[in-house]
Amino acid sequence: MLEPREGIPPVVADAASLAEVIAAFAAGSGPVAVDAERASGYRYGQRAYLVQLRREGAGSALIDPVACPDLSGLGEALSGVEWVLHAATQDLPCLRGIGMVPTRLFDTELAGRLAGFPRVGLGAMVEGVLGFVLEKGHSAVDWSTRPLPEPWLRYAALDVELLVDLRDALEAELDRQGKLEWAHQEFDAIASAPPPEPRKDPWRRTSGMHKVRRRRQLGVVRELWETRDRIAQRRDVSPGKVLSDAAIVEAALSLPANVHALSALNGYGHRMGRRQLEQWQAAVDRAKSLSEAQLPQPGQPVAGPPPPRAWADKDPAAAARLSAARTAVSKLAEKLNMPQENLIAPDAVRRVCWEPPQPADPDSVATALTTLGARPWQVDQVAPALAAALTD
């Protein structure tokens, strides 16, 4: 089993140690490998609970962002340096929250997708490309635990141990396939993307929502979800540990009349105290007392085309265009040996098919795809095939 080359570095948890790390990494050379561990499923939100780095000339570092919550000095010291991350979009939000924002990056997971690797998890990539086996088993632990156990720290240090080596091998493979410039465009798009807008009506993503049809029931889901979210935020625990999605949907479908009826439902059983039951029943009662005008509307207002399953009824010609376009994109992705969603965003294909440019020639399709955020390499590859599909 692979071990960290210099052993497990001590966890940086004070200003003096952090200053030493900043100086060492600023003086290092080449790309810097960066990773972060969160406590998804245990804590509220997606904050970082450990940050790992490695750079030539600086070695590896493990930083506790709870003890050192402002890492903007480290971020500034690494400005202009290429950051190597695996599945960058997962870690960038929590890194941004502690002041670490890359100006250049290389995403080894995305590179693997573009290069056509069938398995792009870090362990599979390191084993398949470099021939080393990474330790497994600690990715889903509670990283908010203090002190962090030594096996977890070893796992965390190994996550950045070979990232730069993996980056170099993938860069060579992408160059061999003629895809390196495509990858650079993708990485630049990730690095320059603004933070995502807050999700509208996040309660609508409750698992099992497809069972909830009536507006009064939707109101119960919303009240229970928002009550749960406030409690979870106050207690800093995962919302699912406060009340499950299944229990929210159960109460919405049943519309219990009182605490006794609520306690008979799945998810509100004997382990739940009277006070907890009363707070959930109060949320149900609030939803019951809403006027018709205050109740949420079924479905979400959708910007853009309707769900594809509705196209055949709403616009058969558009449905035919979408079918032809999907076939064309699928064939092209197979030829280029990459997933369809990395060749072009499915939403961009749907929008072009729902309201195709006139005339639907390669130039106008290229303009439409560019407007929808497609990168130049994607436009070059997809626009001719999409234009042909639209006019067939």
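Quantities reported herein were computed from a predicted structural model and do not represent experimental measurements. Each residue is numbered by its place in its chain's sequence as written, counting from 1. In keeping with the predicted nature of the model, local features appear solely for residues at pLDDT of at least 70, side-chain atom pairs appear and are counted solely at 80 or more, and the whole-chain, interface and lining totals rest on all residues. Values shown for side chains rest on all heavy atoms present in the structure; no hydrogens or waters enter the calculation.

Asker: I'd like a description of the pattern of salt bridges, backed by residues and values.
Answerer: Any carboxyl oxygen of Asp or Glu that lies within 4 Å of a side-chain nitrogen of Lys or Arg is treated as forming a salt bridge with it. If you walk through the whole model with that rule in mind, you get 20 salt bridges. The partner of Arg 167 in a salt bridge is Glu 171, with the nearest N and O atoms 3.1 Å apart. Taken together, the positions of Arg 167 and Glu 171, both in helix 7 (residues 163-176) and 4 residues apart, correspond to about one turn of that helix. Given a relative accessible area of 8%, Arg 167 falls into the buried group. For Asp 201, the salt bridge identified is with Arg 204, shortest N-O distance 3.2 Å. The rule is simple: take the accessible area with a 1.4 Å probe, protein chains only, and divide by the maximum for that residue type; under 20% is buried, over 50% is exposed, in between is partly exposed. Taking relative accessible area as the criterion, Arg 204 reaches 13% and is therefore assigned buried. Salt bridges sharing partners connect three or more residues here, namely Glu 82, Arg 104, Arg 167, Asp 168 and Glu 171. We count a stretch as a helix when DSSP gives it H or I for four or more residues in a row; a strand needs E for two or more, and each element gets its number in order from the N terminus.

Asker: Could you give an account of the pairing of strand 4 (residues 59-63), naming the residues involved and the relevant values?
Answerer: Most of strand 4 sits out of view: 5 of its 5 residues are buried. Between any two strands, at least two bridges found by DSSP are needed for them to pair. Pairing of strand 1 (residues 11-12) with strand 4 involves 2 bridges; the strand directions are parallel. The residue of strand 4 that forms the bridge with Val 11 is Leu 62. Bridge count for strand 3 (residues 48-56) against strand 4 is 5 bridges, and the pairing is antiparallel. What sits directly across from Leu 53, in strand 4, is Ala 61. The turn joining strand 3 and strand 4, which pair antiparallel and follow one another in sequence, is formed by 2 residues; a positive phi near 90 degrees is taken by Gly 57.

Asker: Which residues make up the environment of Ala 88, and what values go with them?
Answerer: Here Ala 88 lies in helix 3 (residues 88-96). Distance in space between the C-alpha atoms of Ala 88 and Gly 178 is 23 Å, their sequence separation being 90 residues.

Asker: Describe helix 5 (residues 122-130), listing the residues and the values that go with them.
Answerer: The set of residues buried in helix 5 consists of Leu 122, Ala 124, Met 125 and Val 126. Only heavy atoms matter for contacts: two residues are in contact if any of them lie within 4.5 Å across the pair. Contacts made by the buried residues of helix 5 are with helix 4 (108-115), helix 6 (150-161) and helix 7.

Honestly, it's all geometry; don't read function into it.
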